[in-house]
Amino acid sequence: MKPDFAKALTNLRRGKNFSQKKVADDLGISQALLSHYENGVREPKMEFIIKACDYYGVSADYILGRARQEACSDNIAMPCFTDGIRSSLDNAALLLSLLKDIGDDTLTASVRDYFEFWMYRILAALSRRPADESSMLLDAAIKISEDFCVAQINRVRRDQQYRRLLILEEIRAKYPESQDALDKLFAAVEESVRKLKTPSMG
């Protein structure tokens, strides 16, 4: 393995201000083995290189010393998140890819607007913006946006040209890298709905 790999691996960790122990624990290896990788004493297997790329959100070219700058991959790469958040990001990337494949500008705009309303609401709540009369208008705007988004989805689903793209099995086949995230999404939502239907035994 080129010494550039050991240097890149060390610089990525130090750039995040992470300890060797934290990174080793997160990547499922011993601290001693990580130290060997960073010092060029041992060569990692491909499995570790892929894990490290995902963890730090860089390309394989960068971590192997083939690129001077950290390159953004085609997928959303957000290191140090829990599996749940990472799965959500994977599904967001999948949705964006699917919208691009469908190529319907009105549908894409309706989905974007719906997301933006909810992102605004969450950010406003986190920043503790004071509640005022506009909050009721926001609720109405979100509802209108949701209804319009659903109407556009139903319109596109009736179009024979796009129907094949919207079959779940076809989505899984075309985006195999998102299958795990999709499975987690459906399982989590179905479990939440099941809990709502099950009376509390408190």
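Once a new chain begins, its residue numbering starts again from 1 and follows that chain's sequence as written. Given that the model is predicted, a residue must reach a pLDDT of at least 70 before its local features are reported, and side-chain atom pairs must reach 80 or more before they are shown or counted; all residues, however, enter totals for whole chains, interfaces and linings. Only hydrogens and water are removed before side-chain values are computed, so all heavy atoms of the structure are retained for them.

**Quick look at the side chain of Q152**
Each helix is a run of DSSP H or I of at least 4 residues and each strand a run of E of at least 2, with the numbering of both proceeding from the N terminus. When you line up the elements, Q152 lands in helix 8 (residues 134–157). Classification of residues uses two cut-offs on accessible area relative to the type maximum, computed with a 1.4 Å probe and protein chains only: under 20% is buried, over 50% is exposed, and between them is partly exposed. Taking the relative accessible area as the measure of exposure, Q152 reaches 9% and is therefore buried. Contacts are assigned to residue pairs that have any heavy atoms within 4.5 Å of one another. In contact with Q152, not counting residues within four places along its chain, are T106, L107 and S110.

**So, helix 7 (residues 105–126)**
Here, expected helix span is obtained from the residue count minus one, scaled by 1.5 Å. Here helix 7 contains 22 residues, and its C-alpha end-to-end distance of 31 Å stays within 8% of the 32 Å for a straight helix at 1.5 Å per residue. Among all positions of helix 7, only L107, S110, V111 and A124 are buried. A 3.5 Å cut-off defines polar contacts: any pair of N or O atoms within that distance qualifies, except that in protein one atom must be a possible hydrogen donor and the other a possible acceptor, and neighbouring residues in sequence count only when both atoms are side-chain atoms. Here helix 7 starts with a cap whose side-chain oxygen sits 3.2 Å from the backbone nitrogen of T106, and that cap is D104.

**Quick word on the nonpolar core**
Counting residues in each nonpolar core, the largest one holds 20 residues, and the members touching the most others are L9, V23, I29, L34, F48, Y56 and I63. Where this core is concerned, the elements lending two or more residues are helix 1 (3–15), helix 2 (20–27), helix 3 (31–38), helix 4 (46–56) and helix 5 (60–63). With 6 residues, helix 4 is the largest single contributor of residues to this core. Sequence-distant contacts of L9, defined by excluding residues within four places in its chain, comprise L34, Y37, E38, F48, A52, Y56 and I63. What is meant by a nonpolar core is a set of buried Ala, Val, Leu, Ile, Met, Phe, Trp, Tyr and Cys residues, joined one to another through side-chain atoms within 4.5 Å. By size, the runner-up hydrophobic cluster in this structure holds 12 residues, among which are I102, C149, Y162 and Y175.

**Thoughts on the packing of aromatic side chains**
Here a Phe, Tyr or Trp ring, Trp counted by its six-membered ring, pairs with any other such ring whose centre lies within 6.5 Å, and the pair is stacked when the planes are under 30 degrees apart, edge-to-face when over 60, and tilted otherwise. For the coordinates displayed, the defined rule picks out 3 aromatic pairs. Measuring from ring centre to ring centre gives 4.7 Å for Y37 and F48, while their planes differ by 50 degrees; the resulting arrangement is tilted. Pair noted here: Y37 is in helix 3 and F48 is in helix 4, with a separation of 11 residues, a long-range link. Assessed through its relative accessible area of 7%, Y37 is described here as buried. Centre to centre, the rings of Y55 and Y56 are 5.0 Å apart; their planes meet at 85 degrees, and the pair counts as edge-to-face. For the pair Y55 and Y56, one class covers both residues: buried.

**Remarks on unusual backbone geometry**
Most peptide bonds take the trans form, and the phi angle of most residues other than glycine is negative. Within the chain, N17 stands out as a residue other than glycine whose phi angle is a positive 60 degrees. Relative to the assigned elements, N17 resides in the loop between helix 1 and helix 2. Owing to a relative accessible area of 69%, N17 belongs among the exposed residues under this scheme.

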